[in-house]
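Residues per chain, in single letters:
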Amino acid sequence: MGESENDNPLTTFLGALDNCLKDGSFIRMSLGKYRGADAELRRVTARLISLKEEANLQLTIHHRTKDVTRNVLMKDADCVLREYLEQGFKSVHLFTASDDLQLEFNRRGKGRLRRSRPTMTGKQTGQHNREKSRMVDPNHAWLRELGVTNAQGKVLPSMADKWRQINRFVEILDSSIKGTALEDKDGIQVVDFGSGKGYLTFAMHAHLRQARTLGVELRAALVEKCNQAAANGGVDGLEFRAGDIGNCELDQLDIMIALHACDTATDLAIHQGISKGAGLILCAPCCHKEVRPQIRMPEVLEPMLRHGIHLGTQADMLTDTLRALLLEASGYSVKVFEFISLEHTSKNKMITAVKTGTGKRAEAARDEFRELKEFYGIDRQCLEQLLEAGP
């Protein structure tokens, strides 16, 4: 189809870039045909991300032997694009949900703009996900109340990453419940410890439908905001309370969520789940401070663990392995896998535990737990102490 637009090609292109960033149709952008002075520089690609709930373009600057990332605010996209064009890029390709635009400059610096049908329809992520891949209906009123979508049910560009995280979390929740006793249970009681701004709490509650959901959060201002969003959005059966994990009194607990509980707060949350017989436990641990200073370095690992970054990684792995083993010893089937980073932490590990009852695996898990503690010289682990002390 290839319509030419050459009156003011750069101005037209920049206007199209600004429009697609504002209306949420931006998918990605790439700069190529580099003719500048840097012999190592190859190309630049850009995608939309959300940092601290503000839309940014994340640029990946591709060199011959390395890639470098740079985040810029949407409002600065115009200036940054001009900057790279001045450095020597002769081609820039913009992919949107409605069409593609390619701007190229010849040796004399004259630009030519071509517009064509969209080539990435259905491949985009975030707010551009295909309808069939969405686990959450974007027309929910609570999404508007939380600032994820606009009045037309369209995901805001600045919330693209959050939208992707919401849907991924609901996918995990849905697959974890399937085939368990929770799938057909009425009146499920769900507790989300550290519910924060409530995005995932609302999504989980909407997906489970007839559940009774409680979000527990230390920050009273967030509790008030979430309760107001629930009221304005017409959400029944969902409540937020100010409090912490340790002093939360629960009569029933079927699903326990703790997605950014720092250090031993994750252990407190898991203990709540185990002690109340939760059928499903979902955790995304945050920082890991308890185990690292206790590690007595095994001689064979000294060359590796004397490097602080390796010791930190090992301590993280050890902490969550010990938690997984204690969950198995308590009659849970456990999976540890990659999730999506939360805004509170760059860590992206998810622990899911489904109640199955005790068996041979429980005994083996207890033995493996003791062996790991002995190997690394660990004297204490919070979840172990909590379980020994009882409910």
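## Here we look at the environment of W142
You can see W142 is positioned in helix 3 (residues 141-145). Distance in space between the C-alpha atoms of W142 and G233 is 4.7 Å, their sequence separation being 91 residues. What W142 contacts, discounting residues up to four positions off in sequence, is V136, Y199, F202, A203, A206, G233 and V235.

## Examining the pattern of salt bridges
Taken as a whole, this structure holds 21 salt bridges when the rule is applied. With a closest N to O distance of 2.7 Å, R361 and E368 form a salt bridge. Put simply, D267, D320, R323 and K349 are held in one network by salt bridges that share partners.

## Some details on unusual backbone geometry
Phi angles above zero are rare outside glycine, and K33 is one such case at about 50 degrees. Here K33 lies in strand 2 (residues 26-34). One non-glycine residue, D263, lies in the positive phi region at around 50 degrees. Tracing the backbone through its elements, the reader meets D263 in the loop between strand 12 (255-258) and helix 7 (265-275).

## Digging into the packing of aromatic side chains
One pass over the structure, following the stated rule, counts 5 aromatic pairs. Plain terms: the ring middles of Y84 and F89 are 6.2 Å apart, the flat faces sit at 70 degrees to each other, and that makes the pair edge-to-face. Each member of the pair, Y84 as well as F89, carries the same accessibility label: buried. On the numbers, 5.6 Å between centres and 25 degrees between planes, the contact of W142 with F202 is stacked. One end of the pair, W142, is in helix 3; the other, F202, is in helix 5 (residues 199-208), with 60 residues separating them in the sequence. In this structure an aromatic cluster arises from ring pairing among Y34, Y84 and F89.

## Quick word on helix 11 (residues 382-389)
The α-helix winds at 3.6 residues per turn, so residues separated by three or four positions along the chain end up facing the same way. Those residues of helix 11 that sit buried are C382, L383, E384 and L386. Between the side-chain oxygen of the N-cap and the backbone nitrogen of L383 there are 2.9 Å, and the N-cap of helix 11 in question is Q381. Positive backbone phi, approximately 90 degrees, marks G390, located one or two places after helix 11.

Thresholds applied
Residues numbered from 1 in each chain as written. Predicted model: local features only at pLDDT ≥ 70, side-chain atom pairs only at ≥ 80, totals over all residues. Heavy atoms only, no water. Helix = DSSP H or I, 4+ residues; strand = E, 2+ residues; numbered from the N terminus. Contact = heavy atoms within 4.5 Å. Salt bridge = Lys/Arg side-chain N within 4 Å of Asp/Glu carboxyl O. Phe/Tyr/Trp six-rings, centres within 6.5 Å; stacked < 30°, edge-to-face > 60°. Buried < 20%, exposed > 50% of the residue type's maximum accessible area, 1.4 Å probe, protein only. Polar contact = N/O pair within 3.5 Å; in protein donor to acceptor, adjacent residues only side chain to side chain.

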